[in-house]
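So the chains spell out like this:
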Amino acid sequence: EDPTRDHWGTFCYVRDLASGEFWSNASQPSLRRPEHYEAIFTEGRAEFHRQDRLDGALIETRTEMVVSPEDDIELRRIRIINRSRARRAVDFTTYAEVVMAPASADTLHPAFSKLFVQTEILREKRALLCTRRPRSRDEQPAWMFHLATVRGGLPGELSFETDRATFIGRGRTAANPRALATNEPLSGREGPVLDPIVAIQPQIVLAPAQSVTIDVVNGVAATRDVAEHLIDR
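A brief report on the enclosed structure follows. Keep in mind it's a predicted model, so treat the numbers as computed, not measured. (Residues numbered from 1 in each chain as written. Predicted model: local features only at pLDDT ≥ 70, side-chain atom pairs only at ≥ 80, totals over all residues. Heavy atoms only, no water.)

Turning our eyes to something else, we now look at the sheet that holds strand β1 (residues 11-16). The antiparallel open sheet is built from five strands, whose spatial order is β2-β1-β7-β12-β11. Edge positions in the sheet fall to β2 (22-24) and β11 (154-163), since each of these pairs with one other strand and no more. For this sheet, the mean angle separating the axes of adjacent strands, direction not counted, is 20°. (Pairing = 2+ DSSP bridges. Helix = DSSP H or I, 4+ residues; strand = E, 2+ residues; numbered from the N terminus. Axes fitted to C-alpha atoms, helices over the stretch in contact; angles between N-to-C directions.)

In structure tokens form, the structure reads like this:
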């Protein structure tokens, strides 16, 4: 944690494909100043509402974040609304760095700790799976999953990324990643990457006054079977 910069966490980007401009569903990590912004914190959830203007078009983003009381998952429901009179093509990109280790181990040797993470893309389930390669016979590594489902709008291409160096790029940060500087889809790298992340990027076409709802789920499980069962649910 960094109380001054506050630039850690799970991020979501929205990019207008016509202009190439992008912003995040909350203040971090893009730090783009919106036309309107509101954060609401209650006992059961956190909400972020914002409006961004692009070439006279108004795009509204509403985010709800909750932790399930039943399963080991966190749900982020993002609603993107096209408030303009023209059709807008956008892509939505999730981003989170994978640790899957005690905080003390990550603090002491973050680069070494990440070398044991294995990633896998489940394209038919629109999800990513991560686990740690065991360092001993007795170790039982946990499984993590990350998925994004889209409801509404006209669906477009779907791509994935699990390598941080490819996503961020040389000399860049999460505020201006290479993955959002081009119109290319995410690379689809998976396996024993050196610096693992989870990122999913669906493309969406919004008609005037149309909205789309995207559910982003992060979860953990003791076994692969339980993780895939939670993904299916």
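We now examine the sheet that holds strand β6 (residues 73-82). Here eight strands make up an open sheet; going across it, the order is β3-β4-β5-β6-β13-β10-β9-β8 and the pairing antiparallel. Because the sheet does not close on itself, it has two edges, and the strands there are β3 (36-41) and β8 (117-122). Averaged over all pairs of adjacent strands, the angle between their axes in this sheet comes to 15°, without regard to strand direction. Strand direction decides the pairing type here: β8 and strand β9 (residues 127-132), joined by six bridges, are antiparallel. The partner of Leu-122 across the bridge, within β9, is Ala-127.

A separate point is a nonpolar patch on the surface. On the surface, Phe-112, Leu-115 and Leu-194 cluster together into a nonpolar patch covering about 300 Å² of accessible area. Mapped onto the elements of the fold, Leu-115 is located in the loop between α2 (110-114) and β8. (Patch = residues over 30% accessible without salt bridge, like charges linked within 9 Å, V, L, I, M, F, W, Y side chains within 5 Å. Areas by Shrake-Rupley, 256 points an atom, 1.4 Å probe, with all protein chains shown as cover. Salt bridge = Lys/Arg side-chain N within 4 Å of Asp/Glu carboxyl O.)

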